There are 2 protein chains.
Amino acid sequence: MFVSRSFTRNARCTLFNSPRFYSVEVSSRRVFSPAFSEPQQPSMQTLCPGPRSLQMQKKLDQYMDARHIVTVPDYTKSVGNYLIDVDGNVFLDCFAQISSIALGYNNPELISLAKSDKHAVAFVNRPCTAMFPPHDYVETMKEAFMNIAPAGMDEVIPMTSGSEAVENGIKLAMLSHAHLKRGGREFNKDELESVMNNLAPGSPDVAVLSFAGAFHGRTTGALSLTRSKAIHKLDISSFKWPQAPFPQLKYPLHKFEKENKAEEDRCIQEVDNILSSHKAPIVAMIIEPVQAEGGDKHASPEFFRRLRDVAAKRKVAFIVDEVQTGFGASGEWWAHSKWQLEKAPDMVLFSKKSQSAGIYLPRRMRAPFTYQIFNTWYGEPVKTQIMAEMVKIVERDNLLAQVKTVGQQLLHGLETLAEKYPDTLHSARGNGTFCAIDAHDAATRDRLVSIARNNGLMIGSSGATAIRLRPMLTFAPEHVKIFLNLFEKCVQEL
Amino acid sequence: MFVSRSFTRNARCTLFNSPRFYSVEVSSRRVFSPAFSEPQQPSMQTLCPGPRSLQMQKKLDQYMDARHIVTVPDYTKSVGNYLIDVDGNVFLDCFAQISSIALGYNNPELISLAKSDKHAVAFVNRPCTAMFPPHDYVETMKEAFMNIAPAGMDEVIPMTSGSEAVENGIKLAMLSHAHLKRGGREFNKDELESVMNNLAPGSPDVAVLSFAGAFHGRTTGALSLTRSKAIHKLDISSFKWPQAPFPQLKYPLHKFEKENKAEEDRCIQEVDNILSSHKAPIVAMIIEPVQAEGGDKHASPEFFRRLRDVAAKRKVAFIVDEVQTGFGASGEWWAHSKWQLEKAPDMVLFSKKSQSAGIYLPRRMRAPFTYQIFNTWYGEPVKTQIMAEMVKIVERDNLLAQVKTVGQQLLHGLETLAEKYPDTLHSARGNGTFCAIDAHDAATRDRLVSIARNNGLMIGSSGATAIRLRPMLTFAPEHVKIFLNLFEKCVQEL
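Parameters and conventions
- Residues numbered from 1 in each chain as written.
- Chains lettered and ligands numbered in written order.
- Predicted model: local features only at pLDDT ≥ 70, side-chain atom pairs only at ≥ 80, totals over all residues.
- Heavy atoms only, no water.
- UniProt positions renumbered as here; feature names shortened; annotations may be inferred.
- Helix = DSSP H or I, 4+ residues; strand = E, 2+ residues; numbered from the N terminus.
- Rg over C-alpha atoms; globule rule 2.2 N^0.38 Å.
- Contact = heavy atoms within 4.5 Å.
- Buried area = accessible area lost by both parts, 1.4 Å probe.
- Salt bridge = Lys/Arg side-chain N within 4 Å of Asp/Glu carboxyl O.
- Polar contact = N/O pair within 3.5 Å; in protein donor to acceptor, adjacent residues only side chain to side chain.
- Nonpolar A, V, L, I, M, F, W, Y, C, P; charged D, E, K, R; others polar.
- Domains from an automatic or database assignment.
- Buried < 20%, exposed > 50% of the residue type's maximum accessible area, 1.4 Å probe, protein only.
- Pairing = 2+ DSSP bridges.
- Phe/Tyr/Trp six-rings, centres within 6.5 Å; stacked < 30°, edge-to-face > 60°.
- Lys NZ or Arg CZ within 6 Å of the ring centre and 35° of its normal.
- Right-handed = clockwise from strand over helix to strand, strands pointing away.
- Least-squares fit on C-alpha atoms with pLDDT ≥ 70 in both.
- Axes fitted to C-alpha atoms, helices over the stretch in contact; angles between N-to-C directions.

As annotated in an unreviewed UniProt entry, chain A carries the name 4-aminobutyrate--2-oxoglutarate transaminase and comes from Percolomonas cosmopolitus. The Sequence similarities (unreviewed entry) field of the UniProt record for chain A holds the comment "Belongs to the class-III pyridoxal-phosphate-dependent aminotransferase family." In its Catalytic activity (unreviewed entry) section, the UniProt record describing chain A reads: "4-aminobutanoate + 2-oxoglutarate = succinate semialdehyde + L-glutamate".

Quick look at the structure:
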């Protein structure tokens, strides 16, 4: 599967021929790396999924619910921006495992990390990081989390998934709210007893505000904040928390400035109304810089600045959910940094591409008492290590600058397609490479996604009618060209 | 840090001198392994935590809430049942990262797995396993999950943590309940609209029953089921779900058979009362085979059998939370298998020592529709791989049989101490090596834990006054001897 090569200390070697940024600093020991370079373009042997994938799906269905399978990849063969499946199909991957691969399949530097002693020790001795952190955790945390911390964020609570980050973020807002309200007095008997029965005053009914169309995860607290699709929520009990409207903007933004401004005004006003009138105290609001799962809905930096001001005015924690937008997809480490907030968020949540999940917070938001925010694993050191390594690579290779350039090319291409095929496509929009375009109806969108996959473009859908693109940070100009050419052919094939 | 050794194909080599079961089958390539064997006994250079740990705690506190730190280990030096910290202190680890290390620190076979190509590829290409499962996932799932599946369990929903397993387990019970109630008709307009506002009928108010003293995790749904300590729950909103009493048995069990039977009768009756009278329909009950965090509370197999019958009679899903008891600690793969249920549970949850987390379920419990139970990562293939490898090692080395033997020795030793020091200790109890003993009050317990740690015994606490032992599956008779001798000295030091 792999060939091994020897490198001399600090030799700088190009392990892949294309794209250009696949280069690697390696130390003086044996490094395994895939024996091939990135394909020049997608190529399909079968429809997607092919017969071997279907056969494996059937086998897998003995042991798990295999109905969600798109195709069965061979990750030993996949490389860079290309996903290769067991039927020999080669996809240009613009979906990246629901936006969760940052630097290409089998990135040689990450493979090298994964084969290091440091990684092996961290992997087999997974600690309770809060009680027994590894001796080198200060450095790893600094390199992974702190070197790219959003402005105003002092520390991190490591978690294992986006949902856990959301759950603990809203818990932290509740803790902070109640602690402040109690004004330093100790818990009383009534609180200590009622809480064990899930009742007030120990367990008070407070609320968290989210936005129509939002996605914040699927555990029951997070799911109460999620408003993207009914099927995610139906039949599940939820907290009776309110939702505010999220601006429904018209694209391209520059053509509809006035209408969009009015729409954002309406939403801000409605948020303020809810905050001032909701019967249970609202302790936090949570928002995505771009609503992803909900249909790639954007809003202006001005909207988010005003929202942050409303939150501050109403003393409501302002939580930014960067699980999908974060770690570079916008061309900045964190999409919300483009808002240029005067007052930083109260928390920033991350997961997916960073491999590590967690909560960034200012020191003042730390839980008042120990064991209020805690769990067995409290993150995972191997994930902190890989995040640290990825941060170094992204910085060294200027990948954020590339995302900006490539994002503009991609958006321009999508806008051109929307103009050329107005009966099929509309509303091209993007933030970095976090791009989308709508079909005129769900059936057309679904057909287009299917045709694209059959033509070697792995793309996703979001909301009712959107096609979402979530390429990796290694998506280069040549990939944009391939994507746009092929995607246009797919539109013509409709 | 490591020395490398070469092995010939299939050579069977003892990499550690002690204990005996550290032996390993390795293939014909270079394998890294720690260059030392397990220490003969604990040895302390400083108090716990020592000055270097305290210094690192201070540094770590810049980046995270470091108040929970017990000591800062050096995992590159820790080996087998011994945790070694940065101050050079050598602990016999009877706590195992809150019961989450199965086969010893730096287990050479797991290190070997962690350095394999298979592992590296799975680690750097973390997939959306539900949509894009790896080509070898059928085999890995079979070896990890299915070869040791509890009776009656057909399939698995992989998750990333115990809390996520609990959250999705209760969601599944809600889905199943509502689907059955709807009798096959499609969702109506009222349901589809109300659900987006978190309101009935789309999001109905149903309940899940848990037990006083239970611990099921810390995300808001799971936390609504957790009843172990007020500080975990205070100030956090919760679902208004009911709790039933868990039997408060007297130990040793054989001396109090009559009283304990009466106590269990009382609890069963109360469960039935709650199920028949609670205003919101109860769709599931969830229970630990031994209440762990809540203070190591045991109940008889008869109690659990009757509980399962009550659940079946009332048509309530019976969920067994084996997050802490599972994966061998009881001397069986799953502690609930000792109950010899006639009707299998509706779900079994696992995490911690198995490294993989998830839900075992019978096929009939599968979610009615796609994307009802789903998330980005849906488990993690490297965790499935390590679970598969651990299953093989445990089976080959008969570690479950060893856990039974060692557990009896440990329990006998604790009972002897309880008899010898009746003014300090009482209520020794155990299930496999899942053992505990109570001090007469919390202050004594806390002091004893502290003295033990200062003497090189890493132990934990649970509930108000219990000391909990959670050794690894590799805990051997010689470790029991060392533990009992040292622990007695600690009691004398009080």
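After that view of the structure, there is still more to cover.
Novice: What is the right way to look at the overall build of chain A in this model?
Specialist: Secondary structure assignment for chain A yields 15 helices and 18 strands. The C-alpha radius of gyration of chain A comes to 23 Å, within 12% of the 23 Å expected for a compact globule of 494 residues. In terms of overall dimensions, chain A has a C-alpha envelope of 65 × 60 × 50 Å along the principal axes. Considering only contacts in chain A between residues 6 or more positions apart, those separated by 24 or more positions represent 70%.

Novice: Sorry if this is basic, but what is going on with the interface of chain B and chain A here?
Specialist: The parts lose accessible area when they come together, and the size of an interface is often stated as this lost area. The partner chain A presents 132 residues to the 132 residues of chain B that form the contact. Buried area between chain B and chain A, summed over both chains or domains, comes out near 12,200 Å², and the portion from carbon and sulfur atoms is 61%. Taken as a group, B:Tyr63, B:His68 and B:Asp235 account for 7% of the area that chain B buries against chain A, more than any other trio of residues on that side. A salt bridge links B:Arg182 to A:Asp235; the shortest N-O distance between them is 2.9 Å. Our enumeration of links across chain B and chain A arrives at 76 residue pairs in polar contact (both at pLDDT 80 or more). When residues in the side of chain B that touches chain A are grouped by element, the largest group, nine residues, is from helix α6 (residues 162–182) of chain B. The residue makeup of the side of chain B that touches chain A, split by class, is 66 nonpolar, 36 polar and 30 charged.

Novice: Looking at this model, I keep getting lost on the domain arrangement of chain A. Mind explaining?
Specialist: Residue and element names in this part refer to chain A. According to the domain assignment, chain A consists of domain 1 (38–111 + 398–493) and domain 2 (126–395). For domain 1 and domain 2, the distance between their C-alpha centroids amounts to 28 Å. The interface is formed by 31 residues belonging to domain 1 together with 29 residues belonging to domain 2. Interface of domain 1 and domain 2: buried area, both sides summed, is about 2,600 Å²; carbon and sulfur atoms make up 58% of it. Of all residues in domain 1, the largest losses of buried area upon contact with domain 2 belong to Leu400, Asn431 and Phe434, amounting jointly to 23% of the total for that side. Across the contact surface, domain 1 and domain 2 share three salt bridges.

Novice: What am I meant to see in the environment of A:Ile373 here?
Specialist: The residue A:Ile373 is located in the loop between β13 (357–361) and α12 (381–396) in this model. With 257 residues separating them in the primary sequence, A:Ile373 and A:Ser116 have C-alpha atoms 32 Å apart. With near-sequence residues (within four places) excluded, A:Ile373 lies in contact with A:Ile157, A:Met159, A:Asn168, A:Lys171, A:Leu172, A:Leu175, A:Ala367, A:Tyr378 and B:His68.

Novice: Just to check I follow, could you spell out the pairing of strand β12 (residues 347–350) of chain B for this structure?
Specialist: On a regular strand, one side chain projects to one face of the sheet and the next to the other, so that they alternate. Residue and element names in this part refer to chain B. Residues Met347 and Leu349 of β12 are buried on one face, and the alternating residues Val348 and Phe350, pointing to the opposite face, are buried as well. Sheet topology places strand β11 (residues 317–321) next to β12; three bridges connect them, and they run parallel. In the strand pairing of β12, isoleucine 319 is matched with methionine 347. Sheet topology places β12 next to strand β13 (residues 357–361); three bridges connect them, and they run antiparallel. In the strand pairing of β13, leucine 349 is matched with isoleucine 359.

Novice: In this structure, what is going on with the packing of aromatic side chains? I would like to understand it.
Specialist: Remark: the centre distance and the inter-plane angle together describe each pair of aromatic rings, the angle taken between the planes. The final tally for this structure, using the stated rule, is 33 aromatic pairs over all chains. Between the aromatic rings of B:Phe303 and B:Phe304, the centroid separation amounts to 5.4 Å while the plane-to-plane angle is 75 degrees, which identifies the pairing as edge-to-face. We classify B:Phe304 as buried; its relative accessible area is 0%. Ring centres 4.9 Å apart and planes at 40 degrees place the aromatic pair B:Phe350 and B:Tyr360 in the tilted group. Pair noted here: B:Phe350 is in strand β12 and B:Tyr360 is in strand β13, with a separation of ten residues, a long-range link. The pair formed by B:Phe350 and B:Tyr360 is uniform in burial state, with each residue classed as buried. Among the aromatic residues, those joined into a cluster by ring pairs are A:Phe211, A:Phe246, A:Phe303, A:Phe304, A:Phe318 and A:Trp339. Against the face of A:Phe434 rests A:Arg470, its NZ or CZ located 3.6 Å from the ring centre.

Novice: I tried to follow unusual backbone geometry on my own but got confused; where do I start?
Specialist: Most peptide bonds take the trans configuration, and most residues that are not glycine carry a negative phi. In the segment running from A:Cys48 into A:Pro49, the intervening peptide bond is cis, with an omega of 0 degrees. With respect to the element layout, A:Pro49 can be found in the loop between β4 (31–34) and α1 (51–60). Omega for the bond connecting B:Ala200 with B:Pro201 falls within 30 degrees of zero, at 5 degrees, which places this linkage in the cis form. For B:Pro201, the position within the fold is in the loop between α7 (189–194) and β8 (207–211). A positive phi angle is found at A:Phe327, which is not glycine, with a value near 60 degrees. In the Ramachandran plot, B:Lys352 falls in the positive-phi region, its phi being about 55 degrees despite a non-glycine side chain.

Novice: What should I look at first to understand the pattern of salt bridges in this one?
Specialist: Opposite charge on two side chains allows them to pair when their charged atoms are near. Inspection of the entire model under this criterion finds 66 salt bridges over all chains. Of the charged contacts in the structure, one is a salt bridge between B:Glu293 and B:Lys229, with a shortest N-O distance of 2.8 Å. With B:Glu293 in the loop between β10 (282–287) and α11 (301–313) and B:Lys229 in the loop between α8 (220–225) and α9 (230–233), this residue pair connects regions lying 64 residues apart in the sequence. A single network of salt bridges, built from pairs that share partners, joins A:Asp61, A:Asp65, A:Arg67, B:Glu155, B:Arg363 and B:Arg366.

Novice: It is not clear to me how the pairing of β11(B) should be interpreted in this structure. Could you clarify?
Specialist: All names here are of chain B. Most of β11 is tucked away, with five of its five residues classed as buried. Going residue by residue along β11, you find Ala317, Ile319 and Asp321 tucked away on one face and Phe318 and Val320 tucked away on the opposite face as well. With four bridges connecting them, β10 and β11 associate as parallel partners. Considered in β11, the bridge of isoleucine 286 is made with isoleucine 319. Considered for its hand, the β-α-β crossover made up of β10, α11 and β11 is right-handed.

Novice: Whenever I open this one, the relation of the copies chain B and chain A confuses me. Can you help?
Specialist: You can overlay chain B on chain A at an RMSD of 0.0 Å; the transform is a turn of 180 degrees with a shift of 0.0 Å along its axis. These values place the two chain copies in the arrangement generated by a two-fold rotation axis. It is B:Lys115 whose C-alpha, among those of chain B, lies nearest the rotation axis, at 2.5 Å. The overlap is high: 100% of the interface residues of chain B also sit at the interface in chain A, so the same surface is used on both sides.

Novice: Got a minute to help me understand the sheet that holds strand β17 (residues 460–462) of chain B in this structure?
Specialist: By way of backbone hydrogen bonds, the strands of a sheet pair with one another, either parallel or antiparallel. Residue and element names in this part refer to chain B. Strand order in the open sheet formed by four strands is β14-β15-β18-β17, with antiparallel pairing between adjacent strands. On the outer flanks of this sheet lie β14 (425–431) and β17, each paired with one strand and no other. If you compare each strand with its neighbour and ignore which way they point, the axes differ by 30 degrees on average. The sheet contact formed by β14 and strand β15 (residues 434–439) spans five bridges and is antiparallel. In the strand pairing of β15, asparagine 431 is matched with phenylalanine 434.

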